[in-house]
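# Reading the structure
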Amino acid sequence: RHFEGDNRLHWTSQKTYGLGTGTAEDDAVDQKYDYFRFYETYYAKVARHTYLGGGFLYSNHRDVRPADEEAEAAWPTSPYVTYSEKFGLDLEAQSSAGLSLNALFDSRDGSINPSRGVYASLVYRAFFEDFLGGATSWQQLSYDGRGYVRLSRDARHKLAFWLSGDFVVAGRAPYLDLPATGMDTYGRAGRGYPQGRFRGERLVYGEVEYRWTATQSGLFGMVAFLNAQTFGGEETGEDLFDSFAPGAGIGFRLMLNKRSQTNLCLDIGRGKNGSKAVYFAVQEAF
């Protein structure tokens, strides 16, 4: 039995570009907001490597506003305002609250830097209007699958695979709760793009990464990764796989703890239309 949480408290700004995979850099409108998320899930073991659970979900975006004078001029026709007004949502604050059902299979040899095994989760989330101030009733189905393969007996060479999806299957989610680039628990999906670069009602994401421990001691390492994301939804008329946003890059690793295989990570990623980003983190991307 164990609990898993995804809890966040942000005073932040983030550009929004609109819905779908085909949005352009020129579409960006910079907005500020305060964000509080409390997602807690309880799991009970029901078989070897297998867990079932349920969760409580609360998400609140408040004091949503243009970030500067340029954004203020574009604010009335911004994607956030257009979407919110269409579905009768408050422009200043939007909340989602509800419950989840969760299934999890985890045979990895470690959660920080696995070298073999499989991780697979399936989550159904239901949010309810007026429950703890929830703005709308809507439902979401998410899956997350990861696999790890040793290419050498000592695990100095290995491959990691990641396939995930988030789908709003009923109702209308508040704009900032829609599936988006890099909004996974640790913000590691979509390297090559800023967080929130793409957004939509349906998201499919895939990534493969080659990991190499450059020194026998494990002190230094490198990775190379390739990813792609695609979005679809009724608002854009775009179907999944109509278009893709690919990303690729390299990373450098410095081992902080040999026992847990914890690395300090520096990744450099690039995406389409000249998008690029640098990431610092502790622990592998997935």
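Scroll up for the structure.
Report on the accompanying structure.

Turning next to the nonpolar core. Core analysis: the biggest nonpolar cluster contains 20 residues, and Val64, Trp75, Tyr80, Tyr83, Tyr175, Leu176 and Leu178 have the highest contact counts within it. Residue assignment for this core shows that the elements contributing at least two residues are β2 (29-47), β3 (50-66) and α2 (79-86). Considering each element in turn, this core owes the most residues, 4 residues, to β2. Those residues in contact with leucine 176 that lie beyond four places of it in its chain are Gln31, Tyr33, His61, Val64, Tyr80 and Arg199. Trp162, Ala189, Phe198 and Ala245 belong to the second-largest nonpolar core, a separate cluster that totals 12 residues.

Enumeration over the complete set of coordinates arrives at 16 aromatic pairs. Aromatic pair phenylalanine 3 and tyrosine 42: ring centres 5.2 Å apart, planes at 55°, arrangement tilted. Pair noted here: phenylalanine 3 is in strand β1 (residues 2-16) and tyrosine 42 is in strand β2, with a separation of 39 residues, a long-range link. On the basis of relative accessible area, phenylalanine 3 is assigned to the exposed category, the value being 61%. Here the aromatic rings of tyrosine 83 and tyrosine 175 are separated by 5.5 Å at their centres, their planes lie at 65°, and the arrangement is edge-to-face. Remark: tyrosine 175 occurs in the loop between β7 (157-171) and β8 (202-213) and tyrosine 83 occurs in helix α2; sequence separation between them is 92 residues. For tyrosine 175, a relative accessible area of 0% gives the class buried.

In spatial order, the strands read β1-β2-β3-β4-β5-β6-β7-β8-β9-β10-β11-β12; together these 12 strands make up an open sheet with antiparallel pairing. Edge positions in the open sheet fall to β1 and β12 (276-282), since each of these has one partner strand only. Sheet twist, expressed as the average angle between the axes of neighbouring strands with direction ignored, equals 15°.

Rules used throughout
Residues numbered from 1 in each chain as written. Predicted model: local features only at pLDDT ≥ 70, side-chain atom pairs only at ≥ 80, totals over all residues. Heavy atoms only, no water. Core = buried A, V, L, I, M, F, W, Y, C linked by side-chain atoms within 4.5 Å. Buried < 20%, exposed > 50% of the residue type's maximum accessible area, 1.4 Å probe, protein only. Helix = DSSP H or I, 4+ residues; strand = E, 2+ residues; numbered from the N terminus. Contact = heavy atoms within 4.5 Å. Phe/Tyr/Trp six-rings, centres within 6.5 Å; stacked < 30°, edge-to-face > 60°. Pairing = 2+ DSSP bridges. Axes fitted to C-alpha atoms, helices over the stretch in contact; angles between N-to-C directions.

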